Amino acid sequence: MKDKDKRQTGFANVKIFDTTLRDGEQSPGMSMNLKEKIEMAKQLERMGVDIIEAGFAISSPGDFVSVQTIASTLKNCTVAGLARAAVKDIDKAWEALKEAEDPRIHIFLATSPLHMEYKLRMTPDQVYEQAAAMTAYAKKYCANVEFSAEDATRSDIGFLAKVIEGVIAAGATAVNLPDTVGYTTPEENYRFFMNIREKAPSLNKIVISAHCHNDLGLGVANSLAAIRAGVTQVECTINGIGERAGNAAMEEIVMALYVRKEEYRAETNIITTEIARSSNLLTRITGVKVQPNKAIVGENAFAHEAGIHQHGVMQNPLTYEIMTPASIGLKESNLVLGKHSGKHAFGQRVESLGYTLSESEMITAFEKFKVLADKKKQVYDKDIEAIVAKESVQVPKTFALKNFVINSGNTITSTAAIALMRGNRQFERVAGGDGPLDAAFKAINKIVGMNLSLEDYKLNAVTEGEDAMGDALVLVKSEKSNVYSGRGLSTDITEASINAYINAVNKMYYAEGRCKSDE
Ligand code: MN
């Protein structure tokens with residue numbers, strides 16, 4: 001693997017371990033299909049993440065394949081795979097990871113009295129033995145082994161130190177001490193890491209890691225306290241997604257160190273100008289938006305509303321801005337292309353925005369661009385990103401919209417006639433509903449012959465202005481109770497919404513394998 005460019009500043013280098021695709025993906029409403037995970041992993045690699053946790057191979061065949069595919073795709077970062085401290089888990093993790101340029105087996109075992117007694121039903125001695133034995137077992141496959149003492153912050157410090165020394169003696173190259181339940185506080189976490197480094201001095205020869213959850217809203221603060229106490233790796237996720245209230249948000253940790261590097265004397269290898277794109281890509285894939293006032297990546301994070309602030313920022317941005325929008329990769333929308341732009345110019349623009357599309361994806365994206373350029377006078381970078389990002393995480397188009405007619409008003413029941421193409425066959429149904437979209441979605445349900453329910457619906461404008469594209473986002477629940485996100489783009493918001501619904505249906509067909517069984 002390529003040596004990461006170490007910035008020669010004398011500051012400590014903190015490794016970023018991203019677990020968006022594991023801890024993040026396993027949280028409700030965040031599931032991603034294989035193509036989406038690969039797209040996300042490539043973006044994480046592009047932004048300079050040191051270690052990507054690709055998944056938990058033994059948890060499902062789908063997870064296994066995604067760990068395997070990500071491991072063999074990424075070349076410039078370490079790829080970690082999670083395993084319980086058990087032989088069959090480690091075997092599976094290694095089978096998925098072995099093609100990686102730089103693989104890491106990540107094993108975990110709980111060390112807190114509560115977890116050992118009620119969850120594991122093991123004595124402390126058994127936990128100690130198991131931790132060391134399984135680290136040694138993983139080490140036979142892989143030089144790079146991380147051990148996580150689950151619920152470390154609620155563990156007995158003497159016992160934890162013993163386990164840590166045991167796994168390091170068995171070959172662990174990184175030890176992670178997670179605040180699994182988001183219980184600790186910054187001051188306490190600082191003392192905890194200072195204390196454990198003293199009680200288990202071998203830690204200072206390997207990678208020491210923190211993994212903080214956000215149950216009390218302290219995930220980032222606890223991670224920064226751990227960095228101050230000398231940890232050399234932090235585990236975090238894009239947009240702070242993860243179990244329950246989520247994990248520490250990567251963009252917040254990275255920008256805190258970027259803005260206050262003198263204070264922390266530490267820095268990361270993250271290319272901060274890729275932050276906005278990473279956050280947007282995750283939102284597009286999962287359909288879950290961050291709150292508008294979310295630090296760093298919220299829609300309002302760089303918006304100045306008060307007149308007195310606006311005046312100050314115009315005179316000198318530093319009056320009210322501690323970092324520039326450009327530092328996280330937000331640019332003013334640039335007028336780049338119009339309806340006379342050719343495929344070559346479009347392709348170059350797509351490439352400069354950081355996307356790689358296959359030949360057929362490029363053709364589809366260009367067709368969409370032409371349609372848009374016809375309707376919209378000015379096509380901005382954001383419009384292009386919206387088209388391309390959607391194209392690059394596309395699933396097979398089992399159904400495609402042919403046409404629709406909707407009759408709606410405030411004194412009549414809405415009715416929708418929808419025609420969908422499935423291959424060469426056209427299917428048409430009419431349905432009534434509460435409002436035009438409800439009617440349209442019900443007509444689609446009739447065509448696919450399933451009772452799907454709409455869990456969430458959002459509509460955003462991609463850029464400003466009357467001719468802005470509508471970006472519709474739906475969450476649809478299948479009969480198997482799985483939830484699928486769908487997006488649709490159009491200058492017509494009804495069409496955008498119908499396309500979003502069809503996109504979710506196609507994802508469901510892709511994931512639940514309806515395409516084969518019902519034909
Ligand atoms: Mn976790």
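Residues numbered from 1 in each chain as written. Predicted model: local features only at pLDDT ≥ 70, side-chain atom pairs only at ≥ 80, totals over all residues. Heavy atoms only, no water.

Asker: I'm lost on the overall build of the protein in this one. Help?
Answerer: A count of helical and extended segments in the protein gives 19 helices and 18 strands. For 519 residues, the compact-globule estimate of 2.2 N^0.38 gives 24 Å, and the C-alpha radius of gyration of the protein, at 25 Å, lies within 12% of that figure. Along the longest, intermediate and shortest principal axes, the C-alpha atoms of the protein span 70 × 65 × 45 Å. Within the protein, buried positions represent 53% of all 519 residues. (Helix = DSSP H or I, 4+ residues; strand = E, 2+ residues; numbered from the N terminus. Rg over C-alpha atoms; globule rule 2.2 N^0.38 Å. Buried < 20%, exposed > 50% of the residue type's maximum accessible area, 1.4 Å probe, protein only.)

Asker: Where do I start with the nonpolar core in this structure?
Answerer: The nonpolar side chains of a soluble globular protein tend to be buried with one another. One finds L177, F193 and M250 to be the most contacted residues of the largest nonpolar core, which totals 91 residues. In terms of residue count, the dominant contributor to this core is helix α7 (residues 157-169) (7 residues). When residues no more than four places from it in sequence are discounted, the contact partners of L177 are A149, A152, L160, I164, F192, F193, I196, S209, A210 and H211. (Core = buried A, V, L, I, M, F, W, Y, C linked by side-chain atoms within 4.5 Å. Contact = heavy atoms within 4.5 Å.)

Asker: Would you mind showing me how to read the sheet that holds strand β15 (residues 425-433) here?
Answerer: Picture the strands of a sheet paired through backbone hydrogen bonds; they go either parallel or antiparallel. With respect to topology, 3 strands assemble into an open sheet ordered β13-β14-β15, the strand pairing being antiparallel. Strands at the two margins of the open sheet, each flanked by one partner only, are β13 (400-407) and β15. Put simply, the sheet's adjacent strands are angled 15° from each other on average, direction ignored. Of the pairings in the sheet, the one linking β13 to strand β14 (residues 414-422) comprises 7 bridges and is antiparallel in character. Following the sheet pairing, V405 is matched in β14 by A417. Sheet strands touched by helix α17 (residues 436-448): β13, β14 and β15. Its angle to β15, the strand with the most contacts, is close to 135°. Sheet contacts for helix α18 (residues 493-512): β13 and β14; angle to β13, the most-contacted strand, approximately 135°. (Pairing = 2+ DSSP bridges. Axes fitted to C-alpha atoms, helices over the stretch in contact; angles between N-to-C directions.)

Asker: Which parts of the structure should I look at to understand the packing of aromatic side chains?
Answerer: Here a ring pair, both rings aromatic, is described through the centre-centre distance and the interplanar angle of the planes. As enumerated under the stated definition, the model contains 9 aromatic pairs in all. Where W94 meets Y141, the ring centres are 5.8 Å apart and the plane angle is 10°; that geometry is what we call stacked. One end of the pair, W94, is in helix α4 (residues 87-97); the other, Y141, is in helix α6 (residues 124-141), with 47 residues separating them in the sequence. By relative accessible area, W94 is classed as buried at 17%. According to the relative accessible area criterion, Y141 is partly exposed, its value standing at 32%. Within the aromatic cluster, the residues linked to one another by ring pairs are W94, Y137 and Y141. Positioned above the aromatic ring of F64, the side-chain terminus of K92 is 5.0 Å from the ring centre. The lysine or arginine in question, K162, covers the ring of Y128, its NZ or CZ lying 4.6 Å from the ring centre. (Phe/Tyr/Trp six-rings, centres within 6.5 Å; stacked < 30°, edge-to-face > 60°. Lys NZ or Arg CZ within 6 Å of the ring centre and 35° of its normal.)

Asker: When you look at unusual backbone geometry in this model, what are you seeing that I'm missing?
Answerer: One can expect most non-glycine residues to show negative phi and most peptide bonds to be in trans. Notably, R265 is not glycine yet its phi reads approximately 50°, a positive angle. By secondary structure assignment, the location of R265 is in the loop between α11 (261-264) and β10 (266-267). The backbone of I296 shows a phi angle near 70°, a positive value even though the residue is not glycine. Relative to the helices and strands, I296 resides in the loop between α12 (275-286) and α13 (307-315).

Asker: I would appreciate a short explanation of the coordination of the manganese ion in the present structure.
Answerer: Bound to the manganese ion on the protein side are D23 (OD), H211 (NE2) and H213 (NE2), at distances that span 2.0 to 2.3 Å. Written as a sequence motif, the donor arrangement for the manganese ion is D-x187-H-x1-H. Within this pair, whereas D23 is found in helix α1 (residues 20-24), its partner H211 is found in strand β8 (residues 207-212), the two being separated by 188 residues in sequence. Across this residue pair, the class does not change: D23 and H211 are buried. (Donors = N, O, S within 2.8 Å, 3.2 Å for Na, K, Ca; no water.)

Asker: I would appreciate a short explanation of α7 in the present structure.
Answerer: Each turn of an α-helix holds 3.6 residues, which means side chains three or four residues apart point in the same direction. For α7, spanning 13 residues, the distance from its first C-alpha to its last is 18 Å, which sits close to the expected 18 Å at 1.5 Å a residue. Within α7, the full set of buried residues consists of F159, L160, A161, V163, I164, G166, V167 and I168. Those residues of α7 hidden inside the fold are in contact with α5 (113-120), α6, β6 (145-150), β7 (174-179) and α8 (186-199). Its side-chain oxygen at 3.2 Å from the backbone nitrogen of G158, D156 defines the N-terminal cap of α7. After α7 finishes, the residue G171 shows a positive phi value of roughly 115°. (Expected span 1.5 Å × (residues − 1). Polar contact = N/O pair within 3.5 Å; in protein donor to acceptor, adjacent residues only side chain to side chain.)

Asker: I would appreciate a short explanation of the pairing of strand β9 (residues 233-236) in the present structure.
Answerer: A regular strand places its side chains so that they alternate between the two faces of the sheet. Along β9, one buried face is formed by Q233 and E235 and the opposite face, lined by V234 and C236, is buried too. Sheet topology note: the β8/β9 ladder contains 3 bridges and is parallel. Among the inter-strand pairings, A210 is bridged to a residue of β9, identified as V234.

Asker: What is the right way to read the layout of surface pockets from this model?
Answerer: By rolling a water-sized probe across the atoms, one finds the places where empty space is left. Of the volumes computed, that of the second largest pocket is approximately 870 Å³. Lining the second largest pocket we find 46 residues, and of these R22, E25, Q26, S27 and D63 sit closest to its centre. Among the elements that line the lining of the second largest pocket, the one with the most residues is helix α3 (residues 61-73), at 4 residues. Considering only residue class, the lining of the second largest pocket consists of 16 nonpolar, 19 polar and 11 charged. Both domain 1 (16-286) and domain 3 (400-517) contribute no fewer than three residues apiece to the lining of the second largest pocket. (1 Å grid on protein atoms, 1.4 Å probe; cavity = no way out; pocket = protein on both sides within 12 Å on 5 of 7 lines; lining within 4 Å. Points joined across faces, edges and corners; volume = space filled by probe spheres on them. Nonpolar A, V, L, I, M, F, W, Y, C, P; charged D, E, K, R; others polar. Domains from an automatic or database assignment.)

These figures capture arrangement, not role.
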